[in-house]
Each structure stands twice: as C-alpha cells, then as structure tokens.
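A structural walkthrough
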Amino acid sequence: MTLRRASLLPMLTGGLFALAACSGQSVPLMDAGSDAGSDAGPDDAGIDGGTDGGTDGGATGLQNIKHVFIIFQENRSFDHYFGTYPGADGLAILPDGGFAACVPDFDAGCYPPYHDVSDTNAGGPHGSGDAIADIADGGMDGFIIQQEKAGSCKSEFDPKCAHRANRDVMGYHDSREIPNYWNYAAHFVLLDHLYQSNASWSLPSHLFMVSGWSALCVDTDPFSCASNIDLQNNAGTSSLIYAWTDLTYLLHGKGVSWKNYLVEGTEPDCDQNEMECEPIPQLANVPSIWNVLPQFVTVQQDNETGNIVPFDAFYLDAKAGKLPSVAWFFPAGEVSEHPTASVSVGQAYTTSIINTIMQSDAWSSSVIILLWDDWGGFYDHVVPPVVDVNGWGLRVPGIVISPFSVAGKIDHQPLSYDAILKLIEDVFLGSQRLDPATDGRPDPRPDVRENAAGLGDLAQDLDFEQTPLPSLVLTTCPGGDFDGGARCWDAG
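Residues numbered from 1 in each chain as written. Predicted model: local features only at pLDDT ≥ 70, side-chain atom pairs only at ≥ 80, totals over all residues. Heavy atoms only, no water.

1. Observations concerning empty space enclosed by the protein
To find the voids left in a structure, one rolls a probe of water-molecule size over its atoms. Stated formally: Using a grid of 1 Å spacing that covers the protein atoms alone, one calls a set of points a cavity when a 1.4 Å probe fits there but cannot get out, and a pocket when the set is open and has protein on both sides within 12 Å along at least five of seven lines; lining residues are those with an atom within 4 Å of a point. Grid points are joined across faces, edges and corners, and a volume is the space filled by probe spheres set on the points. A run of H or I in DSSP counts as a helix once it spans at least four residues, and a run of E counts as a strand once it spans at least two, with each numbered from the N terminus. Asp, Glu, Lys and Arg are counted as charged, while Ala, Val, Leu, Ile, Met, Phe, Trp, Tyr, Cys and Pro are counted as nonpolar; the rest, among them Gly, fall into the polar class.
The volume enclosed by the second largest cavity comes to roughly 40 Å³. Along the walls of the second largest cavity sit Asp79, His80, Leu91, Pro113, Val169, Met170, Gly171, Tyr172 and Tyr379, which together make up its complete lining. Of all the secondary structure elements, the ones that give two or more residues to the lining of the second largest cavity are α2 (78-82) and β6 (171-172). Residue composition of the lining of the second largest cavity, grouped by class: 6 nonpolar, 2 polar and 1 charged.

Printed below as a string of structure tokens:
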C-alpha cells in the first residue's frame, strides 16, 4: 500500500479540578504576528522550521514510555489552527503580504483566508461527499460553495449543516485565540502533515482511532463487515454493530491497561448524519457517535465495558497514581471545539487534562497526543494522499507532548491516526498490528493501515537520549477572557 497524491476517491464537575486549576503557571506566548503571520519567526517560537524527523533515540528507547494518552477534539483543519505558524506547511504568502489562496463562491467571487477573532465558528459540512467536493480533484477550492450549499438544522453538531457565518471556513486562528495550542507546538512537536484516517465525519473517525477501520456489519461475525465511512442506517447509530477487531482486543490479550475517559453531556452530530435531530445525552455506558468502544464486540466479550468511564474518574485516577497505560479522552459538545462550540472552552478543557498529567507521577514516562477528528469543513490547502477506498482525509492539527519530545520540532512526515495505533503497538504489543493474518482474530479489512508504505513513525519525534523536557503547566484561562467575554471553561 503506497501513499500517492491524487484526487480523493470514492458536563463536567470540579471536585478534583485543583490539580489543574486556572491558577496554573503561564509561560510567555509566542508573538502573534500579523494576519499574514509574518511577524513571528522561528527564533521567536524556538522551533526548527524544517525538521523531518529522525533522532538517534528512535524506537530503541520506546521501553521508557509507560503511558500513551490521546486527546481527541473536533472539527478543525490544520490551516484553520496553524496555517500561519512559523515554519509549518501553512498558508502561502504573496510578496505584498496577502494570501495566495482565494476560494470561489457561487457568485463567482473569491475569498482569501482571514484572521478570525471569533470564539465560535460555523464551519462547513463534512461528510464524505463534502470531502470530495472540498478537495475538488486537487484544486482544494470547494469549501465556500459547500458551506453555501449546506442546509440549516436543529442540531448545531450536524455534519450536513452550516451556519453560514461570513464564509468562516476561510478563517484562521493563531496565538491570539489559541495561545496554549501554539505554546504546546513551540515547546514540543507540531505535526503539519497529519491527515484524518478517513475522508468523512466524526463517527468513522472515532472508529479509525481505536481500530484502524470503519465498517458496516450485518451481525457479530467479523466477516459480515464491509468498509463504510458514512455509516447510516434506518435504525440509527445505536443499532450499529462493531464486530471487527479493535486495539483493545490486543491490549487485553497482553494485559495492558486502558480506559476511555468520556465527558458526559450532549452527544455531537446526528445519529444517522441526517439534516435535523434533537440533541441526545452522551453517557459513558451508552454507545454513541463519540463513544464507540462500548459497541465493539471485543470489548463486550472481554468484559471491559467498565473501562469506559465518566471524565471525572480521570482526576481520581491521576491523584491515586492509577492512570492506565493507554487512554483516550473523548469530549462532549460543550468542550469539543466542534462548531458551534467555543474554541476557548475547548482549549481550557484540553489544557486541564494536560496540566493534570504533567502534575502526576505519569508525566515522566508519558506521550500525550493532542489532535482533532476531522477538518469540519474548514479550509486546508494540502491535497490528501490516497491510501485506499477509505481515505486518508484532509489535514488536521496534531501535537506530540512528552518529556521525550524533540523540543520545537515540526514533523513533516505523512501521518494519520494509524500512526498512533502503530506507536501504541510498538510500545506495548511488540509491534503486533491489527493484521487479520497475525492478530488472532481475522476480519475482512482491506489492508493493514499501520503498515502503509510512506506512513511516518511518531517515534521519530521522540529523543530518549536528551535531558527530559520539563512540564509546561499553563493557565486554562489565558488573558482572563476571550473576545470581550469570559468564555473560558471553569469546572468549579
């Protein structure tokens, strides 16, 4: 399987929040730069703007990793959050300081990227058809038309709708709106060629994150499953069966501890990706769009549904020194950054998780991977590689945060969520892959994504011979408020 460039084919409580309160230490922020990102340079950020990876530490030091934590947020493209980050493969700047990109609308106008100071965004539709239309046979210019074509809906998280706010799919944020994210990038490793594993919406993205595949199954037999990145049926998502093999099956077989910390609140998106739906409660023990693990046959057969727990359990586990070897953090709508949720609230939530890990005994042996599940209809200029019938999809932001991170590096390797599976497998499973030929539980997945030719290796972002990097405890409320209003999330 070789990657190639081509057009794409078919509610929180605060009992233990003192571990990561708003009184956390803040560090000097990177220069925000102008709207074109021209004032901040690599020297300001302390970054190596052209590093492709590769340190002598490599895979030989992976035994130093005892914890891998994945924080999975929602619906932001790379250019939307880091398009003006110094040294990254971001928005091209013309000699006059303007942007090279100009994306058309229905009226034959065209619109360049612009600095968006809003704390909430509309985004655009982001199903599989929208990915194809946005990519536009490599033109990367379908974003505004798709936003204009999208219908309205009752649920603000419906992937088929858009709120049509000033064509904000062309908007970008920088260190003025997301200072903590830019600080993490400056001090740890920014991934600027991380693609979502599938070219579609949230549900298949979450399935790829935990299993390397998205499929529609007829029954509990793995061989009843066939690739599907739309996942709609007449009965709704709650009736879907995930019969193929997921990562927890391999972790269970090796006795590796894992948990899924789920924020209980409002379920995002609509159950069948339809245009209109009423918000649905999201609970740890109820399968849903972002809470996919309880519905995996392997999780049920291994009696591990109790490993999916409410988010508050994370603070208890951290305080008790009982954080698992592998953990996923999935949000609810309020803290997700999924349009139209608040950017600042989402940043505060993720910062609280990272602060807590950094202040725990686990930090010295941890790798934290912060990323977003799909592009959310926001503009990105890079044509995704084609891997197989399922994607890859468009670029999303990603940051590798660890005492072993190569400080300030920008990793240009082609990566997807499959690289995260690969890292976990290399660290804890002796490099066993989700491979039907060798994993002991065969299924009909079309390929082994972790073995894709050209897929980068996250171990290249880690140096086990360096002096470990210190923790970077940031305030969850940088600046005290946002855009004139106190929007920062506070669990207290």
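2. Quick look at helix α11 (residues 417-428)
The criterion, for reference: In this analysis, the expected span of each helix is defined as 1.5 Å times one less than the number of residues it contains. Partly exposed describes any residue whose relative accessible area lies between the buried limit of under 20% and the exposed limit of over 50%, with all areas from a 1.4 Å probe on protein chains only and scaled to the type maximum.
Its 12 residues give α11 an end-to-end C-alpha distance of 17 Å, which sits within 8% of 16 Å, the value for a rise of 1.5 Å per residue. α11 sits mainly inside the fold: 12 of its 12 residues count as buried. Within α11, the full set of buried residues consists of Tyr417, Asp418, Ala419, Ile420, Leu421, Lys422, Leu423, Ile424, Glu425, Asp426, Val427 and Phe428. Gly430 sits one or two residues past α11 and shows a positive phi near 60 degrees.

3. With respect to the packing of aromatic side chains
Heads up, the rule is: Side-chain rings of Phe, Tyr and Trp, where Trp is taken by its six-membered ring, are said to pair if the distance between their centres is within 6.5 Å; with planes under 30 degrees apart they count as stacked, over 60 as edge-to-face, and otherwise as tilted.
Summed over the entire model, instances satisfying the criterion amount to 27 aromatic pairs. A ring pair is formed by Tyr81 and Tyr181, whose centres lie 5.9 Å apart and whose planes are at 40 degrees; its orientation type is tilted. Here the residue Tyr81 occupies a position in helix α2, and Tyr181 occupies one in helix α5 (residues 179-187), the gap between them amounting to 100 residues. Judged by its relative accessible area of 0%, Tyr81 falls in the buried class. Taking relative accessible area as the criterion, Tyr181 reaches 0% and is therefore assigned buried. With a centroid separation of 5.6 Å and an interplanar angle of 70 degrees, the aromatic rings of Trp213 and Trp244 are classed as edge-to-face. Taken together, the positions of Trp213 in the loop between α6 (202-211) and β9 (215-217) and Trp244 in the loop between β10 (225-227) and α7 (247-253) put the pair 31 residues apart, joining distant regions of the chain. For the pair Trp213 and Trp244, a shared accessibility class is recorded, and that class is buried. Each member of the aromatic cluster is reached from another via a ring pair, and the members are Phe69, Tyr261, Phe311, Phe314, Tyr315, Phe329 and Tyr349.

4. Thoughts on the sheet that holds strand β7 (residues 189-191)
The cut-off we apply is this: Two strands qualify as a pair provided that DSSP identifies no fewer than 2 bridges between them. Axis lines are fitted to C-alpha atoms, over the contacting stretch for helices. Their N-to-C directions set the angle, which ranges from 0 to 180 degrees. Here, residues are in contact when the closest pair of their heavy atoms is within 4.5 Å.
Ordered in space as β14-β11-β15-β2-β16-β18-β7-β19, the 8 strands form an open sheet in which the pairing is mixed. Across the chains shown, the open sheet's two edge strands, defined by having one partner strand only, are β14 (308-310) and β19 (409-411). If you compare each strand with its neighbour and ignore which way they point, the axes differ by 20 degrees on average. Bridge count between β7 and β19: 3 bridges; the pairing is parallel. Along β19, the bridge assignment pairs Leu190 with Ile410. In the packing of helix α10 (residues 343-358) onto the sheet, contacts are made with β2 (67-73), β15 (326-330), β16 (366-372) and β18 (398-401), and the angle to β2 comes to roughly 175 degrees.

5. As for helix α9 (residues 312-320)
Within α9, the full set of buried residues consists of Ala313, Phe314, Tyr315, Asp317 and Ala318. Packed against the buried residues of α9 are β11 (258-262), β14, β15 and α10. Positioned one or two residues after α9, Gly321 has a phi angle of 70 degrees, which is positive.

6. What about the pattern of salt bridges?
Stated precisely, the cut-off is as follows: Whenever Lys or Arg places a side-chain nitrogen within 4 Å of a carboxyl oxygen from Asp or Glu, that contact is recorded as a salt bridge.
Enumeration according to the criterion identifies 11 salt bridges in this entry. A salt bridge links Arg395 to Asp79; the shortest N-O distance between them is 2.9 Å. A residue pair is termed long-range when its members are at least 10 positions apart, and Arg395 in the loop between β17 (385-386) and β18 and Asp79 in helix α2 qualify at 316 residues. Across the pair, exposure class does not vary: Arg395 and Asp79 are buried alike. Here Arg433 and Asp426 are joined by a salt bridge, their closest N and O atoms 2.9 Å apart. Here Arg433 falls in the buried class, since its relative accessible area comes to 12%. Looking at Asp426, the relative accessible area reads 17%, which means it is buried. Connected via shared salt-bridge partners are Asp388, Asp418, Asp447 and Arg449.

7. Examining the nonpolar core
The following threshold applies: Among buried residues, the Ala, Val, Leu, Ile, Met, Phe, Trp, Tyr and Cys ones that are joined through side-chain atoms within 4.5 Å form a nonpolar core.
Phe82, Tyr184, Trp328 and Phe329 are the most contacted members of the largest nonpolar core, which has 116 residues in total. Take this core: its biggest share by element is 8 residues, from α11. Excluding residues that lie within four positions of it along the chain, Phe329 makes contacts with Phe69, Ile70, Ile71, Phe72, Tyr261, Phe311, Phe314, Tyr349 and Ile353.

8. Here we look at the state of the cysteines
As a reminder of what qualifies: What counts as a disulfide here is a pair of cysteine sulfur atoms lying within 2.5 Å.
One pass over the full model with this rule turns up 2 disulfides. In this model, Cys102 is linked to Cys110 through a disulfide, with the two sulfur atoms separated by 1.8 Å. Because the torsion about its S-S bond is 90 degrees, the bridge between Cys102 and Cys110 counts as right-handed. For Cys110, a relative accessible area of 42% corresponds to the partly exposed category. With a sulfur-sulfur separation of 2.0 Å, Cys217 is cross-linked through a disulfide to Cys225.

9. Focus: the packing of α9 against α10
Condition: To sort the angles, those under 35 degrees are grouped as roughly parallel, those over 145 as roughly antiparallel, those from 65 to 115 as roughly perpendicular, and the leftovers as oblique. Crossing handedness: left-handed means the near helix sits turned counterclockwise from the far one by under a right angle, and right-handed means the same turn made clockwise.
Remark: α9 packs on α10, axes separated minimally by 10 Å, with the N-to-C direction vectors making an angle of 15 degrees. When the axis of α9 is compared with that of α10, the two are roughly parallel. The interaxial crossing formed by α9 with α10 has left-handed handedness. Between α9 and α10, the residues in contact are Phe314, Tyr315 and Ala318 and Ser352, Ile353, Thr356 and Ile357, respectively.

Treat this as a map of the structure, not an account of what it does.
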